[in-house]
Amino acid sequence: DAGITQSPRYKITETGRQVTLMCHQTWSHSYMFWYRQDLGHGLRLIYYSAAADITDKGEVPDGYVVSRSKTENFPLTLESATRSQTSVYFCASSSGTTTNSPLHFGNGTRLTVT
Amino acid sequence: EDQVTQSPEALRLQEGESSSLNCSYTVSGLRGLFWYRQDPGKGPEFLFTLYSAGEEKEKERLKATLTKKESFLHITAPKPEDSATYLCAVPSSGGYNKLIFGAGTRLAVHP
């Protein structure tokens, strides 16, 4: 089915471990985004990518790494997980810039860092 | 600093009881305002984009309006299936690809 898929849906990890969250889209959208959603903060942008091999920081990039070797995939890696990174992570894609193209979101990954 | 504030945080309505949700924003040079709907356990789903003061968009029981300082999402004769969290967002003045989201309004419509 066309769309945007995130995996895993749920993940529990320990402090200090490396974790990678996966995101795959089938629309061939140029732009992809990673947001985290926390109570009281709403959605905050972590990183985004305008095309393969082009990435840029958002509001809260510290502790995260992204890559985009293929247009359809945009993995997010937590290099050394901390409890403050416990959150729900959403991947999104769009066909153009956010001023003229809506974001299409995946259903999220709920990450718990113990 | 770019900021988006939504009110109320939560709203409980009886089926058929119309109301409005508010989204106020402070951003230099508005380049659009977006409304999304989010159901529990799911990602936000796009509803509307508004670009200029006075603009209105409608979809079923929802109507979004925009002024120079705020947007309203009017819900007319809501049904239980309209229960969700409604989010608004604006592009950051610091970057075209950075959306600033409000914390959302949780709407519950009871039969």
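Calculation rules
Residues numbered from 1 in each chain as written. Chains lettered and ligands numbered in written order. Predicted model: local features only at pLDDT ≥ 70, side-chain atom pairs only at ≥ 80, totals over all residues. Heavy atoms only, no water. Helix = DSSP H or I, 4+ residues; strand = E, 2+ residues; numbered from the N terminus. Rg over C-alpha atoms; globule rule 2.2 N^0.38 Å. Buried < 20%, exposed > 50% of the residue type's maximum accessible area, 1.4 Å probe, protein only. Contact = heavy atoms within 4.5 Å. Polar contact = N/O pair within 3.5 Å; in protein donor to acceptor, adjacent residues only side chain to side chain. Pairing = 2+ DSSP bridges.

Q: Would you mind showing me how to read the overall build of chain B here?
A: From N to C terminus, chain B includes 0 helices and 11 strands. Listing each helix as α and each strand as β along chain B from the N terminus yields β-β-β-β-β-β-β-β-β-β-β. Taking 13 Å as the expected radius of gyration for a compact globule of 111 residues, we find that chain B reaches 13 Å, a close match to that expectation. Along the first, second and third principal axes, the C-alpha atoms of chain B reach 45 × 30 × 20 Å. The buried share among the 111 residues of chain B stands at 48%. Restricting the contact set of chain B to residue pairs at least 6 apart, pairs at least 24 apart contribute 55%.

Q: Please explain the side chain of serine 93 of chain A as it appears in this structure.
A: Residues and elements named next belong to chain A. Here serine 93 lies in strand 9 (residues 87-94). Engagement of the side chain of serine 93 in a polar contact is seen with the side chain of histidine 29, the distance being 2.9 Å. Excluding residues within four positions of it along the chain, serine 93 makes contact with Ile4, Gln25, Trp27, His29, Tyr31, Met32, Phe33, Pro102, Leu103 and His104.

Q: Help me understand the pairing of strand 6 (residues 56-59) of chain B, please; the structure alone is not making it clear to me.
A: Of the strand pairs in this sheet, strand 6 of chain B and strand 7 (residues 62-66) of chain B are connected by 4 bridges, and their pairing is antiparallel. Of the residues in strand 7 of chain B, the one forming a bridge with glutamate 56 of chain B is threonine 65 of chain B.

Keep in mind these values describe shape, not function.
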